[in-house]
Structures are given as structure tokens and as C-alpha cells.
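Structural features, examined
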Amino acid sequence: MYGTIARFRIKPGVKDEFVRAMDGFGGDFIPGWQADYYFQMDKDPDEFFLVAVFQDRETYQANADSPDQHERYLKFRSFLVADPEWHDGFIVSATGPNAVK
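Please read these numbers as outputs of a predicted model, since none were measured by experiment.

With that settled, the discussion passes to the overall build of the protein. The helix and strand tally for the protein stands at 3 helices and 4 strands. For the protein, the sequential pattern of α-helices and β-strands runs β-α-β-β-α-α-β. Here the C-alpha radius of gyration of the protein, 14 Å, is about what a compact globule of 101 residues would show, namely 13 Å. Taken across its 101 residues, the protein has 30% of its residues classed as buried. A fraction of 66% describes how many contacts in the protein between residues 6 or more apart in sequence connect residues 24 or more apart. In the protein, 11 positive and 17 negative side-chain charges are present, and the distance between their average locations comes to 5 Å.

This next bit is on the layout of surface pockets. Approximately 480 Å³ is the volume found for the largest pocket. If you go around the largest pocket, you meet 20 residues; those closest to its centre are Leu50, Asn63, Gln69, Tyr73 and Trp86. Looking at the lining of the largest pocket, the elements that each hand over two or more residues are strand S2 (33-40), strand S3 (47-54), helix H2 (57-64), helix H3 (67-77) and strand S4 (85-90). With 5 residues, the top contributor of residues to the lining of the largest pocket is H3. A class-by-class count of the residues in the lining of the largest pocket yields 12 nonpolar, 5 polar and 3 charged.

Turning to the side chain of Thr4, a few remarks are in order. Relative to the helices and strands, Thr4 is located in strand S1 (residues 2-9). A distance of 3.4 Å separates the side chain of Thr4 from the backbone oxygen of His87, its partner in a polar contact. Ignoring any residue separated from it by four or fewer positions in sequence, one finds Thr4 in contact with Leu50, Val51, Ala52, Tyr60, Trp86, His87 and Asp88.

Taking strand neighbours across the sheet as the criterion, the 4 strands line up as S2-S3-S1-S4 in an open arrangement whose pairing is antiparallel. The open sheet has two free edges, formed respectively by S2 and S4, since each of these has just one partner strand. Taking each pair of neighbouring strands and ignoring which way they run, the sheet shows an average axis angle of 15°. Contacting S1, S3 and S4, H2 crosses the sheet at an angle of about 45° to S1.

Moving on, we get to the pairing of S2. Where S2 meets S3, 7 bridges bridge the pair, whose relative direction is antiparallel. Paired with Ala35 across the bridge in S3 is Val53. With antiparallel pairing between neighbouring strands as the criterion, S2 and S3 make up a hairpin whose turn holds 6 residues.

Along H2, the residues classified as buried are Thr59, Tyr60 and Asn63. The buried residues of H2 all sit within an arc of 105° when viewed along its axis, so they share a single face. On its buried side, H2 packs onto S1, S3, H3 and S4. Where H2 starts, the residue carrying a side-chain oxygen 3.3 Å from the main-chain nitrogen of Glu58 turns out to be Asp56.

Here is what the cut-offs are and how they apply
Residues numbered from 1 in each chain as written. Predicted model: local features only at pLDDT ≥ 70, side-chain atom pairs only at ≥ 80, totals over all residues. Heavy atoms only, no water. Helix = DSSP H or I, 4+ residues; strand = E, 2+ residues; numbered from the N terminus. Rg over C-alpha atoms; globule rule 2.2 N^0.38 Å. Buried < 20%, exposed > 50% of the residue type's maximum accessible area, 1.4 Å probe, protein only. Contact = heavy atoms within 4.5 Å. Lys, Arg positive; Asp, Glu negative; His and termini not counted. Charge placed at Lys NZ, Arg CZ, Asp CG, Glu CD. 1 Å grid on protein atoms, 1.4 Å probe; cavity = no way out; pocket = protein on both sides within 12 Å on 5 of 7 lines; lining within 4 Å. Points joined across faces, edges and corners; volume = space filled by probe spheres on them. Nonpolar A, V, L, I, M, F, W, Y, C, P; charged D, E, K, R; others polar. Polar contact = N/O pair within 3.5 Å; in protein donor to acceptor, adjacent residues only side chain to side chain. Pairing = 2+ DSSP bridges. Axes fitted to C-alpha atoms, helices over the stretch in contact; angles between N-to-C directions. Arc of directions from axis to C-beta.

Laid out in C-alpha cells, this is it:
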């Protein structure tokens, strides 16, 4: 598996709209996509982390290069105060009863 972790800040007061917009992407068919997880930080409610999981590096890259993903990114970016900080890599371990493997 492969994916990315992003750290970002949303604009103040847009959390509910942001969550609705991100949840709206869940119905899109994206080859190789397994899951997205958004974390809101306890210490700063405007700071978030995103974990996106893909079947492999190839499907991740194909999605990253697609026009549809570019449109989703523009919607995502419209809620942020600055560009996100991205960290791509291989998932080397996943545990738990619902872990994607």
C-alpha cells in the first residue's frame, strides 16, 4: 500500500462546510483508493492531518496526475489558509480489526 499524510490549517469558521465537502468525495470512484482519514487536532481546532491510502504507488500517482483529482484538490485547497505540507510513502504495517491491508 502507498499513500500520503498532509498537514494543513483550515480557515477559521469553515470546519462544518469543509467536512461536508470532503465527505462528498467519498462517492467518487477512484481506482486504487482505499480510504481517507481526516484528523482535527485537540490543541488547535484549525489544524488538521489527512491520511490517504491507496492500493499501490502506481494508482496513487495515476490519481495525483488526473484532472478529476486536480478539481478535488482545488475544492480542498479553497478551505485552507496555505498549501498543505505533503509526505508521501509506502505503508509498511497496518494493524487492527478494520485495517486496510
